[in-house]
Amino acid sequence: MAVSDGGRRSDAEAMCPHRLVLEHMTSRWGVLVLIQLLERPYRFSELRRAIGRVSEKMLTQTLQTLERDGLVHRDAKPVIPPRVDYSLTGLGREAAERIRDLALWTEKRMADVLAARQAYDGARAQ
């Protein structure tokens, strides 16, 4: 999230900072970035390919947001051509492991979710 008003936090960030961090971690791309970085550090282009279907702009914004929250570390090496690696911080690893567990639970229980949806839709149709 962008900082506004000359560096002061936004109203939403000041009122509910934990919700904002939760939104960052559980955003469409935040989840995928955190889970992917559990494997190993990635260069930007490698990470983009590994995640798939994410624009350069969205991946950049997601990485910057997660870096600001202390979840992702950006390591820019002063070489030609430039090399930037992204990895999880200790805090990021802890969060990513929990998010991965939720993703695995979702895969494991998807049949139950689909059955619940079908029952709901059937009841609504009557």
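Residues numbered from 1 in each chain as written. Predicted model: local features only at pLDDT ≥ 70, side-chain atom pairs only at ≥ 80, totals over all residues. Heavy atoms only, no water.

The chain is annotated in an unreviewed UniProt entry as DNA-binding HxlR family transcriptional regulator from Streptomyces griseoloalbus.

Draft legend 1. Just the pairing of strand E3 (residues 83-88), in detail. Taken across its six residues, E3 has five buried, putting it largely inside the fold. Pairing analysis gives two bridges linking strand E1 (residues 42-43) to E3, with the strands arranged antiparallel. Bridge pairing in E3 places tyrosine 42 opposite tyrosine 86. In terms of strand pairing, strand E2 (residues 72-77) meets E3 through six bridges, oriented antiparallel. The residue bridging histidine 73 from the neighbouring strand is serine 87, located in E3. (Buried < 20%, exposed > 50% of the residue type's maximum accessible area, 1.4 Å probe, protein only. Helix = DSSP H or I, 4+ residues; strand = E, 2+ residues; numbered from the N terminus. Pairing = 2+ DSSP bridges.)

Draft legend 2. Region of interest: the pattern of salt bridges. This model, assessed by the stated rule, comprises seven salt bridges. One salt bridge connects glutamate 56 with arginine 48, and the closest N-O pair in it is separated by 4.0 Å. Of the residues examined, glutamate 56 reaches a relative accessible area of 49% and is grouped as partly exposed. Note that aspartate 75 is salt-bridged to lysine 77, the shortest N-O span being 2.4 Å. Judged by relative accessible area, lysine 77 falls into the partly exposed class, the value being 32%. Several salt bridges converge on common partners, so that one network encompasses Asp75, Lys77, Arg83 and Asp85. (Salt bridge = Lys/Arg side-chain N within 4 Å of Asp/Glu carboxyl O.)

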